[in-house]
Amino acid sequence: MKDPLGRLVAHDLRGTMPDSPEGVALVLHGGGERGFGPMPWWEGPVLRMRPFARAIEKRAGDRIAVVRLKNRYFGWNGPEQTPLTDTRWALDRIRERYAGLPVALIGHSMGGRVATHLAGEPDVTTVVGLAPWVEEGDPRPGRPGLRVLLMHGTADRTTDPRRTKRLADELRAKGADVTWRPIDGDIHGMLRHAPTWHREVAEFVTASLLR
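The present account deals with the structure reproduced in this document. (Residues numbered from 1 in each chain as written. Predicted model: local features only at pLDDT ≥ 70, side-chain atom pairs only at ≥ 80, totals over all residues. Heavy atoms only, no water.)

1. Some thoughts on the environment of Leu210
Counting through the fold element by element, Leu210 comes out in helix H6 (residues 194-210). What Leu210 contacts, discounting residues up to four positions off in sequence, is Glu22, Arg63 and Ile64. (Helix = DSSP H or I, 4+ residues; strand = E, 2+ residues; numbered from the N terminus. Contact = heavy atoms within 4.5 Å.)

Following this line, the structure appears as structure tokens:
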């Protein structure tokens, strides 16, 4: 596939794909409001999610398949919503290999926005939003049986923890089992208390998919 400038770009999946897992964790990176520049694997938003994938792998072993998605582009890109298209592609690939298994979506920033949008997708039972990008008017597909973890640094100035708290309340009101976890003093990059972020996400995802 080519971008608007004629450059070849591609979405891609990497991770652990055991033969007989009990669930799948799909890890989604962040990005920006706009941008059709290619998103390589070594870009910061993509690399930021590697420790989360590793923490889940370490805790769950072969019981959970853990895959990271690399989007084609950096941005959300308005009505084109390119990361949603890429994530739906990834979900289709997962279903081809692991039909019927429960899926957890774990997303940071823009990836958290994607995870919220796709919480109503078939087989998605768990959503984790890490400092998620929350916009008024976005879908709020909360429902009974959906487990949600929302974490946000209280010192984040890139995305708004107050919006994330309201999102938690809205999803809970629709019947979802929601955990709201503010991280005191942390900022958007999740670096000041990195071990806490990684550990709590791994614990939540493992408990949700393997219960």
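2. Quick notes on helix H5 (residues 161-173)
In this model, H5 (13 residues) spans 18 Å end to end at C-alpha, consistent with the 18 Å of a helix rising 1.5 Å per residue. Along H5, the positions that sit buried rather than exposed are Pro161, Thr164, Leu167, Ala168 and Leu171. Looking straight down H5, one finds its buried side chains confined to an arc of 105°; they lie on one side. Exposed residues on H5 whose side chains face more than 90 degrees from its buried face are Arg162 and Ala173. Of the residues that open H5, the one with a side-chain oxygen 2.8 Å from the backbone nitrogen of Arg162 is Asp160. Downstream of H5 by a residue or two, Gly175 has a phi angle that is positive, lying close to 110°. (Expected span 1.5 Å × (residues − 1). Buried < 20%, exposed > 50% of the residue type's maximum accessible area, 1.4 Å probe, protein only. Arc of directions from axis to C-beta. Polar contact = N/O pair within 3.5 Å; in protein donor to acceptor, adjacent residues only side chain to side chain.)

3. Describing the sheet that holds strand S1 (residues 12-16)
Spatial strand order, S1-S3-S2-S4-S5-S6-S7: seven strands in an open sheet with mixed pairing. Bordering the open sheet on either side are S1 and strand S7 (177-183), each of which pairs with just one other strand. Neighbouring strand axes in the sheet, compared pairwise and without regard to direction, differ in orientation by 15° on average. Summarising the sheet, strand S5 (residues 124-130) and strand S6 (residues 147-153) pair through five bridges and their orientation is parallel. (Pairing = 2+ DSSP bridges. Axes fitted to C-alpha atoms, helices over the stretch in contact; angles between N-to-C directions.)

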